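Chain by chain, the residues:
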Amino acid sequence: MTASATTAPPALRPGPAAPQPTCRRGRFGIHLFLGAVSLAFLAPLLLAVYASLRPYEETAKHGYFSFPRRLSFDYYRQAFVDSGMSKYFLNSLLIAVPGVLLTLFLASFVAFAVSRLRIRGGLVLLMVFTAGNLLPQQVIVTPLYVLFNRIPLPYWMSDSLTMYDSLWAVIAVQTAFQLGFCVFVLANFMRTLPREILEAAIVDGAGVWAQYWRVTLPLCRPALAALGTLQFTWMYNDFLWGLVFLSDGDKLPVTSALNNLRGQFFTDYNLLAAGSVLVALPTVLVFLLLQRHFIAGLTLGASKG
């Protein structure tokens, strides 16, 4: 039998299946819904940016949704200079960066002990850490205020000689409240790692620290990046703890600097919008830098059974 006899004529070959109209309409509906949700979330930010570029007299006369007559960055310069944001930015970084690093280190170590080591009461310990997130923060403001006033610190750590009115108090509270969520996420992620990798490390003579630092932690990089992005955003944007535990105005975080833009009898909301946009820029920058790892961390386990 020849090759030409075994080959089907071109007219009889099956072609690619035509896309179904229902599938196209479904995809269009999904994209329309996602676009509408994204626009709803971005609308306040876009309105704040738009208002920050317009003079207050113009928006007071024509409204915030009117066509602009003049756009400028004068409010951004005024907001940065009048509120003294440079020192407040530094205070927020001194709180958020150590707080994120300390939270991720402690949470990863606890998650490793709970999920990878066979210890008694591991599940109970995980439940205790997770239950800590269910406690409202406002409930323990007064006990923590009294406690921090009684904890002494050396002069090189706190000029008040106590934990109150020092950045250490805010870092400690932020770390304690965010620890439970990070332990829960990392413990569940570490359970998905192949146990054969850890067993091979044990055969090679790796101790507990080597199993944690050299084997498990590098595999958790996407999860750590995702958690680091979220934790930095939450700690950086926090307003409550800095206001409660810091009495010195020069130590307040940048979120408190926005109060300096409010007058006693009049508030220029366009100036306040410019200050809000400036405050949000570091979190946007962190997300852009860690975007690839953040998305990878959010989609982990999506294809697992």
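Residues numbered from 1 in each chain as written. Predicted model: local features only at pLDDT ≥ 70, side-chain atom pairs only at ≥ 80, totals over all residues. Heavy atoms only, no water.

Colleague: How do you make sense of the side chain of T283 when you look at a structure like this?
Modeller: Along the chain, T283 turns up in helix α14 (residues 269–289). With residues near it in sequence (within four places) discarded, T283 still touches F232, T233, Y236 and N237. (Helix = DSSP H or I, 4+ residues; strand = E, 2+ residues; numbered from the N terminus. Contact = heavy atoms within 4.5 Å.)

Colleague: Just to check I follow, could you spell out the packing of aromatic side chains for this structure?
Modeller: Scanning the entire structure with this criterion turns up 15 aromatic pairs. Aromatic side chains W209 and Y212 sit 5.5 Å apart centroid to centroid with 55° between the ring planes, which places their arrangement in the tilted category. Of the two residues, W209 and Y212 both sit in helix α10 (residues 208–219), three residues apart, roughly one turn of that helix. Judged by relative accessible area, which is 46%, W209 ranks as partly exposed. Aromatic side chains W209 and W213 sit 5.5 Å apart centroid to centroid with 10° between the ring planes, which places their arrangement in the stacked category. Taken as a pair, W209 and W213 lie in helix α10 at a separation of four residues, close to a single helical turn. Residue classification places W213 among the partly exposed residues on the basis of a relative accessible area of 44%. Pairwise contacts between aromatic rings join F105, F109, F112, W209, Y212 and W213 into one cluster. (Phe/Tyr/Trp six-rings, centres within 6.5 Å; stacked < 30°, edge-to-face > 60°. Buried < 20%, exposed > 50% of the residue type's maximum accessible area, 1.4 Å probe, protein only.)

Colleague: So what exactly am I meant to see when it comes to a nonpolar patch on the surface here?
Modeller: Residues L102, F105, L106, F109, W209 and W213 make up a contiguous nonpolar surface patch of roughly 570 Å² in combined accessible area. When residues of the nonpolar patch are traced back to their parent elements, those giving at least two are α5 (85–115) and α10. Considering every element that reaches the nonpolar patch, the biggest residue donor is α5, with four residues. Residue position: L102 is located in helix α5. (Patch = residues over 30% accessible without salt bridge, like charges linked within 9 Å, V, L, I, M, F, W, Y side chains within 5 Å. Areas by Shrake-Rupley, 256 points an atom, 1.4 Å probe, with all protein chains shown as cover. Salt bridge = Lys/Arg side-chain N within 4 Å of Asp/Glu carboxyl O.)

Colleague: What's the story with unusual backbone geometry in this structure? I'm lost.
Modeller: Across residues other than glycine, the phi torsion is negative in most instances, and most of the peptide bonds are trans. At L161, a position not held by glycine, the phi torsion is positive, near 65°. Among the secondary structure elements, L161 is positioned in the loop between α7 (141–150) and α8 (167–191). Phi at D165 is positive, roughly 65°, even though this residue is not glycine. Locating D165 in the fold gives a position in the loop between α7 and α8. Owing to a relative accessible area of 10%, D165 belongs among the buried residues under this scheme.

Colleague: Where do I start with the confidence of the model for the chain in this structure?
Modeller: Caution applies to low-pLDDT parts of the model: their predicted coordinates are not meant to be read in detail. Counting all residues, the mean pLDDT for the chain is 84, and 88% of those residues have values of 70 or more. A low-confidence stretch, residues 1–5 (pLDDT under 50), is modelled with one contact involving residues beyond four sequence positions or located in other chains. (pLDDT = per-residue confidence, 0-100.)

Colleague: What am I meant to see in the environment of F67 here?
Modeller: If you trace the backbone, F67 turns up in the loop between α3 (56–62) and α4 (74–82). Here F67 falls in the exposed class, since its relative accessible area comes to 69%. With sequence-adjacent residues up to four places away left out, F67 is seen in contact with Y50, R54 and E58.

Colleague: I would appreciate a short explanation of α4 in the present structure.
Modeller: Owing to its 3.6 residues per turn, the α-helix aligns residues three or four sequence positions apart on the same side. Listed in full, the buried residues belonging to α4 are Y75, Y76 and A79. The buried residues of α4 occupy one face: seen down the axis, they fall within an arc of 100°. Among the exposed residues of α4, those pointing more than 90 degrees away from its buried face are R77 and V81. Immediately beyond the C-terminal end of α4, within one or two residues, lies G84, with a positive phi of roughly 65°. (Arc of directions from axis to C-beta.)

Colleague: What's the story with the UniProt feature "transmembrane region" (unreviewed entry) in the chain in this structure? I'm lost.
Modeller: According to UniProt, the positions carrying the feature "transmembrane region" (unreviewed entry) are residues 32–53, 88–112, 124–147, 167–189 and 269–290. Across residues 124–147, helical content stands at 62% and strand content at 0%; the span's end C-alpha atoms are separated by 27 Å. Measuring from the first to the last C-alpha atom of residues 167–189 gives 32 Å, for a span that is 100% helix and 0% strand. (UniProt positions renumbered as here; feature names shortened; annotations may be inferred.)

Colleague: So what exactly am I meant to see when it comes to the nonpolar core here?
Modeller: One recurring pattern in soluble globular proteins: nonpolar side chains tend to sit buried together. One finds M85, F148, V173, L186, Y236, W241 and F245 to be the most contacted residues of the largest nonpolar core, which totals 63 residues. If you tally residues by element for this core, the top one is α8, at 13 residues. Not counting residues up to four positions away in its chain, the partners in contact with F148 are T162, M163, Y164, A169, V173 and F245. (Core = buried A, V, L, I, M, F, W, Y, C linked by side-chain atoms within 4.5 Å.)

Colleague: Whenever I open this one, the pattern of salt bridges confuses me. Can you help?
Modeller: When charged atoms on two side chains of opposite charge get close, those side chains can pair. The full count for this structure, using the stated rule, is four salt bridges. Across the salt bridge formed by E58 and R54, the nearest N and O atoms sit 2.8 Å from each other. The residues E58 and R54 share a single accessibility class, namely buried. One continuous salt-bridge network, built from bridges that share partners, spans D159, D165 and K251.

Colleague: Can you walk me through the side chain of T59 in this structure?
Modeller: Note on placement: T59 falls in helix α3. On the basis of relative accessibility, which here comes to 5%, the residue T59 falls in the buried class. Setting aside anything within four residues of it in sequence, one finds T59 in contact with R54, Y64 and N270.

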